[in-house]
Structure formats: C-alpha cells, structure tokens
Amino acid sequence: MLPSAAIFVVFCLLVWWKGGAARGYAVCLLLGALVGVGIRETTDAKLAKIQGSYAGQEAVLTAEVESIGRVYGAGRVSAVLRVERVDGEAVRFRVECVSLPRCEAGGRIRGRFALDLPDATQRLSDYADGIALSAEYQSGMLRLGPGRSFRARTARLQAALSRALRGGMAENTGGVLAAMAAGDKRHLSSALRSAYRGAGLSHVLVVSGLHVTIFCGLLDALPRRERERSRAYRRARSLLRAGTALLLVGITGVTPSVLRAAVAVWISSLGVWLGGPADTLTSLGAAGVLMCLGNGYAVCDVGFELSFAAVLGTLAGGVCAKRGRKAYYNKKKRQEKKPSRPVLLLRRLEGGVWDALCVSFCASAATFPVLVLREMSATVWAVVSGVAVLWMVGPMLGLSLGAALLGLAAQNFGSLPLFEILRRPIAFCAEGLAFGMNEWAFRVSGLPGASLWFDGGYAALVCLVLFLLCAAAMRWNVRLRAALPTVILLTALAFGLETALSWNVVNIELVGTQAAPAVVITRREEAVVLFRGSSITQRAVETQMEKRGVKRVELLVDLRMQPETPCDLKAETRIETAALAADTTRRAACGGMDLELYRTRQGCIVRLTIGGQRFVTVSGTVRPAKPIRAEWLLASMARPDNIRYTDCLTLSRKYRWMRKSDAAPVSRLRLRLAG
C-alpha cells in the first residue's frame, strides 16, 4: 500500500501548493486520512480479539451460509459463513471455508471446524470482506434448515432466480446471464473469466453501479404523464427505487460495487423527500465513508477501489464528451445554416459514438492505475470493448430479468403454460446477446496486449510521474489537445519499455499456507506449478495466476505424497508424485526451465534450473546421500537435510529447521532467463 500512500501524499501537497481555498480541501483530505487510520486501528482491535480467542483451535460452529463460491465436482463447495455460535457460545463474525460438503446459500449448518488465520496471500482481501478467520471442515456436518435473516432470504431468492434463468440454456451463456442479472458467478468457467478479463469486460460479470442504474432505470419506464408533477408520485417512485437497490444489495451479498451504487440511489431518494437534488460526488463520498465505518479494511478491497475509480472516470468522461460535442456542434452550425434530417441523424449517431469513446476511455484510464498498482493484469482492449459491446448490457439485463421472473412463475404455477410460452422467446433473445458478447470476449482475449502485467514498484513510479505531469498541465493551462496525446504517448512508452524489458523475465513465487506453500513460476502468459497443500492453497494458486494473466499451465507437479483432495488445475502435462515408484526420477523441460524430480519412499526432492540459477524444494522426508548445492531453497516445513543453499524464498521464518539469525522472509523473485 506504500505506492498508493505516496500518490495520496503528493496529491495533498499539490492541492496545498495551489493555495487559496484549495488548502482547505487539503486539510480535509489529511483529516479524513487520520480518521481512516483510527477506524482501521479499531478494526484491527476487533480482529485481534477474535483471532486471539479462536485461531489455532478446533470448535463446533453453528453458522449461516452467506454465499457459495466455487463448486467442486466431488460434492464440495467453498463458502463464506456467518458464525452464530462457537461451542455453544453466542458470537458474531465471518469465516471462509474453502472446501465444505455441498450446501445451499441461506441455510444454517453445524459442524466441527479447525480455525486459523487467513493465509498470507489472501489475508488483506479477506479482511476487506469482513472475514476474520479461515475455517477448515473436519467432521459432523448437519444441515439445520433455512436461515431467517435478510441475507439468507435474499440468497435463496438469488439461487431461485439463477435456476429459473439458466433453464434450457447453454453453460457459458446461462452462466454469464446469471452473473449479470442475479450475481451468481458459480457457473462461470475459468476460461470464460479469463476471456472477459482479457477483453476488458470483467466488470460486466459483477453486479455494479451500471447494473443498479439499469435496474432502477427500468422503473422510470412506468407511465408518468401528468402525475409526474405530483410530489407524492415522485416520493413513491423514490421509495420503489430505494427498495430495488436494497434488494440487489441483499441478493449480491453486499459487494462493494453494488453497495456504493445503492448508497447513491438512497441519497438520491432522500433528496426527493427533502426537496433537494444529490450530486454524484456527494453520493460517492457518502458511500465511501459509510462502507468504511464498519470495516477499516474496506478500502483495501479491489472491487471498492475499481468501483470508485470507474465512477470518477465516468464523470470525467461525461464532462469531456459534453464539451467536445458542444464545440463540434457550434462549428457545424457556423458552416451549415439549416441541416437536413439525414444530417441531423448522422450527427446524433456521431454524438453517441463520441460519448461512448470518451466515457470508455476515461473509465479505463481511471481504473488502469488501480490494476497495475495492485499487480493485476490489464488489457489494452478495454476501450474498444466498451464501445463495441457495452450497449448490449441494458437489453441483456432487461431480457434476463424478464426470463428469470417468468421462469419463477412457470415453476410455481406449472399448470399454466402461458408463463413458459412467454419465457422462451425472451430467454432466446437474451441468450443470443450473451453468445455475441462471449464470442467477442474469446476473440479479443487472444489478441496481443490482452493480458499485460507490470511490476508494482515500476507502475507506481510511472503513475506518480504521469500524475505530476497532469497536475502541471492543469496548473499552466496547457491545451487538452496537446496534453492528452502527450500523456497517452508517455504512458505507452513507459509500459511498452516495461513489457520489452520483462519479456524474458520469470516470476517465481510462493503462495498458499505457510505449512505447505505451492510454487508458481510464470513467464508471460504461461505457468509452471509445483503444488502441495489443500484446497486453500489451490485457491491461492488460481488467484495468483489470474492476477498475472496466465492463460496456460504448461506443467503441474503434485508434490503431495498422500493427497486427501484432488488438484483439479488444468495443465498440459501433469506429474503425480504419489503415483511414482520409490527411487525413480522424472525430468521435464518447458519455458526455458529444466526440472528434475527424485522420488524416495517418504518424500521427493525437486531441482530446477532457470536462467543459470539452481532452485531446490523438498516435500516429505528426504535425506540425500551427497550434498545438493543450489543458489535458492524454496522453503517449506520439510527439513532440507544435506542441502547447501545461499538464499531462500519462504513465507515464514518460524520453521523448526530455521536459524534465529535468518533474514526476514522473501516470497517472490524475478529472474531473467539470460542470467
């Protein structure tokens, strides 16, 4: 978070340097930052109290299933649980269980779980979601029936809407429509997620401000006429909009993006009752403050940051589009005194394309720093995709909502075939639009520049320099026609240079739990994974590969000697250590890397050669007869007997075999293949 803090401090100094009334804004920003630090300290105290009481223990939990994540083939799911009782004691906090016997969102369960701290790679994201502990299911699963809370009821409504909508549809199209209309992302394949991310359309699959605006905008289609002038009618409609926003918040599980949009709708509705309009910036600020009051880590959520950045970019794009369109029309009026009707229609079309270009470009430019600072993959096709297919979102949402409601009616009133007859053409049209958007995503994601990853420190430096240049341009009143191309050119040169320099660079990272970390080796859009651990580690591996924009796993080596759960990561080549005979050796070469695996009776040892550097990792118990020398040890709990190494990558400095004088843990290394 240091790069973001540096940019914030520079921004405050620039505002102060401007002088005059702007210094008051700088003071407000600094005071807000201090309040934020205080809120975070309060959140840390609450988390420390919960973790100090229950971390590292096994207990019987009674909990409500708030949401279901990934669905595994072996009748298991990942879930977020709201704990009600621990060994009979009433409590209230949230945990995440990566692998749980299949259950339904909105239901109540009881079982024995092992509680522990979230793994290091996911800890910040879990805290931002209000998750205090990680829970691993042990035994004694009991289903206690449906929950009675608002979230439980809306979760069951979400599942019912998703089933009614997906009935009779193909997997990919039905999954996309369910994610957009009901917030149910369980039916999105990893290939589809990757394609939408590469095309710059990931935000379409998340219920956000765009979706809330469209859903609430459907209410504006109600007949108004003369009654629009009635204050009572406007107040009633504002209550209906606020209720719709509240329902969407409950269905989607209080995600940051939809909560921000819902707060804006509620403030707008409040303005109708108080007789004053609410501006977007006020609503945005109020949403941020309210979301952070209960959880000081809310600002660390990627969805929170992207949502706020996208809104600011959209507002800026709207202003730029309005100014450009006004100047263009004034110029045309001077040239043509009385344009014909075809000319007017052509100008309207040009104005729509211009608005879409400005808004898409500014929103993409605003979210780009967030992506690169959080070391997530970005795409150069976001603007093109926004102009090409975002117009489909409104019709898709309207048709999906109609198909889902008619499907629910058909299920509840099966004796009346009218609902199913009406549903089929509506669902067919929605599926056709979803198919077109899927095809666009798959084709664009295969183009060069669809998955770009940049080092966080370099990206922070570039963003800071560009920010200072923009501030200087505003200070010295540089024309937009000169400043904008200059900033775009410098951005392209800076990140083009980073891409060129990183072309043959390999990232070697340890992810997952400290007890059994996996090794993820990435180079451009390809990866090699040395896997060990449980489903928690698998989720961490998948998250890391998504951040790096990995599209293909060349090699997967499962280092576990007695795997309890299968690793279902898709890979071109797999090596299962448990299936090898004792005292056997396997070799593989891919992506400029040479791998040698030696299997013993009680463990295995892996040697890697990358860019002239030697790496060693151990799983189980291995005692080589001769010393093995390497520059780097990829550390785990397994004792590296008879291994001579210079440095090590590790997630912990508390392994039993470590010396107290060992340096602080380093979990990532970047290495050039040329040495």
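About the criteria used
- Residues numbered from 1 in each chain as written.
- Predicted model: local features only at pLDDT ≥ 70, side-chain atom pairs only at ≥ 80, totals over all residues.
- Heavy atoms only, no water.
- Phe/Tyr/Trp six-rings, centres within 6.5 Å; stacked < 30°, edge-to-face > 60°.
- Helix = DSSP H or I, 4+ residues; strand = E, 2+ residues; numbered from the N terminus.
- Buried < 20%, exposed > 50% of the residue type's maximum accessible area, 1.4 Å probe, protein only.
- Salt bridge = Lys/Arg side-chain N within 4 Å of Asp/Glu carboxyl O.
- pLDDT = per-residue confidence, 0-100.
- 1 Å grid on protein atoms, 1.4 Å probe; cavity = no way out; pocket = protein on both sides within 12 Å on 5 of 7 lines; lining within 4 Å.
- Points joined across faces, edges and corners; volume = space filled by probe spheres on them.
- Axes fitted to C-alpha atoms, helices over the stretch in contact; angles between N-to-C directions.
- Parallel < 35°, antiparallel > 145°, perpendicular 65-115°, else oblique.
- Left-handed = near helix turned anticlockwise from the far one by under 90°.
- Contact = heavy atoms within 4.5 Å.
- Nonpolar A, V, L, I, M, F, W, Y, C, P; charged D, E, K, R; others polar.

As a further point, take the packing of aromatic side chains. For the coordinates displayed, the defined rule picks out 9 aromatic pairs. The interplanar angle of 55 degrees and the centroid separation of 4.5 Å between the aromatic rings of Phe454 and Phe495 together place this pair among those described as tilted. In this pair, Phe454 is assigned in the loop between helix 15 (418-445) and helix 16 (456-475) and Phe495 in helix 17 (residues 480-501), connecting sequence segments 41 residues apart. On the basis of relative accessible area, Phe454 is assigned to the buried category, the value being 2%. You can call Phe495 buried: its relative accessible area is 6%. By the ring-pair criterion, three or more aromatic residues cluster together here, those being Phe368, Phe454 and Phe495.

In total, this model carries 23 salt bridges according to the counting rule given. A salt bridge links Arg82 to Glu66; the nearest nitrogen and oxygen atoms lie 3.8 Å apart. Placement of the pair is Arg82 in strand 2 (residues 76-86) and Glu66 in strand 1 (residues 57-72), with a sequence separation of 16 residues. Like Arg82, the residue Glu66 is buried in the burial classification. In this structure, the salt-bridge partner of Arg186 is Asp184, at a minimum N-O distance of 3.0 Å. Take Arg186: its relative accessible area is 26%, and that puts it in the partly exposed class. Here the salt bridges share partners, and the residues they tie into one network are Glu64, Glu66, Arg82, Glu84, Arg94 and Arg108.

Before going further, it helps to examine the confidence of the model for the chain. Across the chain, the average pLDDT comes to 83, with 91% of residues at 70 or higher. Looking over the chain, one finds the lowest element-wise mean pLDDT in helix 1 (residues 2-18), namely 67, and the highest in strand 8 (residues 526-531), namely 94.

Once that is clear, we can look at the layout of surface pockets. As a volume, the second largest pocket reaches approximately 1,200 Å³. Forming the boundary of the second largest pocket are 42 residues, of which Thr513, Ala515, Ala516, Gly533 and Ser534 lie nearest the centre. Those elements giving two or more residues to the lining of the second largest pocket turn out to be strand 3 (89-101), strand 4 (107-116), strand 5 (131-146), helix 18 (535-548) and strand 14 (613-620). The element best represented in the lining of the second largest pocket is strand 5, accounting for 4 residues.

So, on to the packing of helix 9 (residues 256-274) against helix 10 (residues 280-293). At a closest axis distance of 9 Å, the pairing of helix 9 and helix 10 adopts a crossing angle of 125 degrees. In terms of orientation, helix 9 and helix 10 fall into the oblique class. Relative to helix 10, the crossing made by helix 9 is right-handed. Taken together, the residues of helix 10 that come into contact with helix 9 (itself represented by Pro256, Leu259, Arg260, Val263, Ala264 and Ile267) are Ser283, Leu284, Ala286, Ala287, Leu290 and Met291. A per-class count over the contact of helix 9 with helix 10 returns 10 nonpolar, 1 polar and 1 charged.

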